[in-house]
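# Residue-level structural notes
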Amino acid sequence: MQALHTAATGMAAQELSVQVISNNIANLQTTGYKKQTAQFQDLIYQHIARVGAQASQQGTILPIGIDIGGGVKTVGTPRSMTQGTLSQTGNDLDLSITGEGFFKILMPDGTFQYTRDGTFQQDNTGRIVNAQGNPVQPTITIPQNATGLAVNAQGQVSVQLPGSSTTTSTIIGTISLTRFVNKAGLLPVGNNDFTDTPSSGTPQDGAAALEGYGNINQGSLENANVDVVSEMSNLIAAQRAYEMNAKVITAADQMMQSTTALFR
């Protein structure tokens, strides 16, 4: 019976939906996390009576048809790149982005990855690095004994150097941002990082606060853009849909058993 297969595809689809929702909820406190949603499409149809076909020798046309659907398939799990709320931390190297752009990170193999997680630190040489010790681009090294670290909206990093006037700050570098034509086309690789793909388009580096690029905020981090209420509502809907598909399988199985009994 076709209903068994159709309902099975529905159960598989809702199982995947629950997996996506659970990952969103698990990353509720992950800095810079962008939520995902599961998207589905219906499968190919069996056209028992095709709409628009000729219904008689007199040339009448069927105004409606008989189409039996084959179930559902997963199209993708697109990621929402909407802005998350900012949480003030007061740490000098905690940076967040308001608007467009990603921080650019240099990996050990010479490639680049991109992130909205601005939880940065200094390594043993004074470089500004992420939690894995990979330097933020362009590489900026904070001199020893420097004080008064400040990062403005344009990404300019300034410090007060020993022996200089207390009112004078020295700019030691500028943190740039990277944009993409299609942010949803970025590939997540873990550690709050993304890599570019042919779907995302070529990375476009630029200075923060310029046209098309967001501002950098010192002493704050971007929270995950996960809405708990929406996720719980989606979870309940997915659970109900899963249960209904399971009942369809039970009903179809009982109908098959009843039909078999009739012909014994």
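See above for the structure.
Residues numbered from 1 in each chain as written. Predicted model: local features only at pLDDT ≥ 70, side-chain atom pairs only at ≥ 80, totals over all residues. Heavy atoms only, no water.

## Digging into the sheet that holds strand S8 (residues 112–115)
- Judged by pairing direction, the sheet is antiparallel, and its six strands sit side by side in the order S15-S16-S8-S7-S14-S17 without closing on themselves. At either end of the open sheet lies a strand with only one pairing partner, and these are strand S15 (187–190) and strand S17 (204–207). Strand-to-strand twist across the sheet, computed as the mean angle between neighbouring axes with direction ignored, equals 45 degrees.
- In the sheet, S15 pairs with strand S16 (residues 193–195) via three bridges, with the strands oriented antiparallel. Pairing of leucine 187 across the sheet is with threonine 195, part of S16. (Pairing = 2+ DSSP bridges. Helix = DSSP H or I, 4+ residues; strand = E, 2+ residues; numbered from the N terminus. Axes fitted to C-alpha atoms, helices over the stretch in contact; angles between N-to-C directions.)

## Topic: the side chain of lysine 104
- Positionally, lysine 104 belongs in strand S7 (residues 102–106).
- A distance of 2.8 Å separates a polar atom in the side chain of lysine 104 from a polar atom in the side chain of aspartate 205.
- If we ignore the near neighbours within four places in the chain, the residues touching lysine 104 are Phe112, Gln113, Tyr114, Pro135, Val136, Gln137, Thr178 and Asp205. (Polar contact = N/O pair within 3.5 Å; in protein donor to acceptor, adjacent residues only side chain to side chain. Contact = heavy atoms within 4.5 Å.)

## Digging into the nonpolar core
- Of all hydrophobic cores here, the largest spans 20 residues; its most connected members are Phe103, Phe120, Ile128, Ile175 and Ile216.
- Those elements giving two or more residues to this core turn out to be strand S6 (95–98), S7, strand S11 (147–151) and strand S12 (156–160). (Core = buried A, V, L, I, M, F, W, Y, C linked by side-chain atoms within 4.5 Å. Buried < 20%, exposed > 50% of the residue type's maximum accessible area, 1.4 Å probe, protein only.)

## Some words on helix H2 (residues 228–262)
- The end-to-end C-alpha distance of H2 is 51 Å, a good match for the 51 Å that 35 residues give at a rise of 1.5 Å each.
- Where H2 is buried, its residues meet helix H1 (2–26). (Expected span 1.5 Å × (residues − 1).)

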